[in-house]
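Structural features, examined
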Amino acid sequence: MLIAHLSDPHLRPRGELYQNLVDSNAMFLAAVRHLASLEPQPDLVLLSGDIVDKGTEAEYALAAEMLALIPQPVLAIPGNHDEREGFRACFGRNSFVASAGPLHFAVGDQGPVRILGLDITVPGAHHGDMDDAACRWLEERLAEEPARPTIIMMHQPPFDSGIPFIDAYCCRQGARIARIVARYPAVERILCGHIHRFMQLRFGGTMLVTAPSTTTAIALRLQDNAKPASFIEPPAMLLHQWRPQRGLITHLVPIGSFQGPLPFF
Ligand SMILES: [Fe+2]
């Protein structure tokens with residue numbers, strides 16, 4: 001089972017730039033083309049939030065057009081830049097989308113790995129929150145198939161990354177996730193977006209990985225008084241391969257065309 005994972009495209013209405021500076025639509029199109037060139041082709045595509053930038057109808061119309069270019073099933077959760085009802089309308093034709101409330105999903109029919117989409121966004125706010133209802137939902141889903149290899153996907157990371165200006169908008173009460181997941185060793189990964197960088201760490205006894213954005217990267221500034229900024233770094237996606245005897249292997253896949261193939265030795 002091969003799972004492509006794209007994040008934070010921040011799509012804009014046709015012809016408009018992200019933050020008036022960056023052509024996030026063209027960058028997402030480049031990501032979709034790169035995805036189409038992968039061999040073998042992924043079975044499934046995950047999107048870990050901030051599908052659009054301002055949550056407008058025009059942005060979701062463009063998103064629906066772009067997503068139609070992806071032949072694989074796409075499983076998505078909203079980010080803090082999404083708007084629940086617009087998101088629901090954009091993905092509404094897909095059976096994974098809840099018809100009301102948070103946009104959690106549990107999908108187990110796409111291969112050996114079950115995917116849980118955990119919606120910890122707080123409408124109108126940039127931080128996330130692992131509130132009581134989200135804890136109950138996660139606990140119940142994990143208890144349904146405790147031995148099944150499982151990926152949990154969420155938007156705001158439930159930990160402090162060391163980049164102070166993004167940590168202000170993390171998933172609050174994130175330690176609750178660690179306590180739940182620690183009881184379910186079949187959780188192979190927690191996947192996050194939001195942070196627009198690749199990071200990995202041990203969390204709740206499993207591995208947590210954050211996905212780079214298909215557009216700008218949050219500045220890697222670890223000083224306590226770091227000023228917020230972004231850079232146009234080489235964009236990338238993640239590719240998670242499930243190998244039955246090995247488990248889940250995560251690859252970082254830069255998006256673009258690169259010189260090669262060159263001789264191995
Ligand atoms: Fe984002």
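Here the structure is shown first, and the text comes after it.
Being a predicted model, the structure only gives us computed values, none of them experimental.

Moving on, we get to the sheet that holds strand E14 (residues 236–243). The sheet built from five strands is open, its strands ordered E3-E2-E1-E14-E15 with mixed pairing. Both outer strands of the open sheet, strand E3 (74–76) and strand E15 (247–254), are each paired with one neighbouring strand and no more. Direction aside, the axes of adjacent strands within the sheet are offset by 25° on average. Inspection of the sheet shows strand E2 (residues 44–47) paired to E3 by three bridges, in the parallel sense. Across the sheet, residue Leu46 finds its bridge partner in E3, namely Leu75.

Distances from the iron ion to its protein donors, namely Asp8 (OD), His10 (NE2), Asp50 (OD) and His196 (NE2), fall within the range 2.1 to 2.3 Å. Around the iron ion sit four donor atoms; with metal-centred angles ranging over 89 to 177°, the donor geometry is irregular. Summarised as a motif, the one-chain spacing of the donors to the iron ion is D-x1-H-x39-D-x145-H. Overall, the relative accessible area of 0% leaves Asp8 in the buried class.

Turning our eyes to something else, we now look at the nonpolar core. Within the largest apolar cluster, 49 residues are counted, with the highest numbers of intra-cluster contacts made by Phe28, Leu47, Phe91 and Ile115. For this core, the element with the highest residue contribution is helix H2 (residues 57–67), accounting for five residues. With sequence-adjacent residues up to four places away left out, Ile115 is seen in contact with Ile3, Leu44, Leu46, Leu75, Phe105, Ala106, Val107 and Ile151. Cys135, Leu138, Tyr184 and Met199 belong to the second largest nonpolar core, which has 31 residues in total.

Geometrically, a pair of aromatic rings is defined through the distance of the ring centres and the angle of the planes. In total, this model carries four aromatic pairs according to the counting rule given. Between Phe96 and Phe105, the ring centres sit 5.1 Å apart and the planes meet at 70°, which makes this aromatic pair edge-to-face. The pair Phe96 / Phe105 is uniform in exposure class, with both members buried. Members of the aromatic cluster, joined through ring pairs, are Phe87, Phe91, Phe96 and Phe105.

Another aspect to go through is the pairing of strand E9 (residues 187–192). The buried count for E9 comes to five of six residues, which makes it a mostly enclosed element. Both strand E7 (residues 150–154) and E9 contribute to a ladder of five bridges, which runs parallel. The residue bridging Ile151 from the neighbouring strand is Arg189, located in E9. As defined by bridge partners, E9 adjoins strand E11 (residues 206–210) across four bridges and the pair is classed as parallel. Across the sheet, Cys192 pairs through a bridge with Thr210, a residue of E11.

What counts, and at which threshold
Residues numbered from 1 in each chain as written. Predicted model: local features only at pLDDT ≥ 70, side-chain atom pairs only at ≥ 80, totals over all residues. Heavy atoms only, no water. Pairing = 2+ DSSP bridges. Helix = DSSP H or I, 4+ residues; strand = E, 2+ residues; numbered from the N terminus. Axes fitted to C-alpha atoms, helices over the stretch in contact; angles between N-to-C directions. Donors = N, O, S within 2.8 Å, 3.2 Å for Na, K, Ca; no water. Tetrahedral: all angles 85-135°; square planar, octahedral: opposite > 155°, others 65-115°. Buried < 20%, exposed > 50% of the residue type's maximum accessible area, 1.4 Å probe, protein only. Core = buried A, V, L, I, M, F, W, Y, C linked by side-chain atoms within 4.5 Å. Contact = heavy atoms within 4.5 Å. Phe/Tyr/Trp six-rings, centres within 6.5 Å; stacked < 30°, edge-to-face > 60°.

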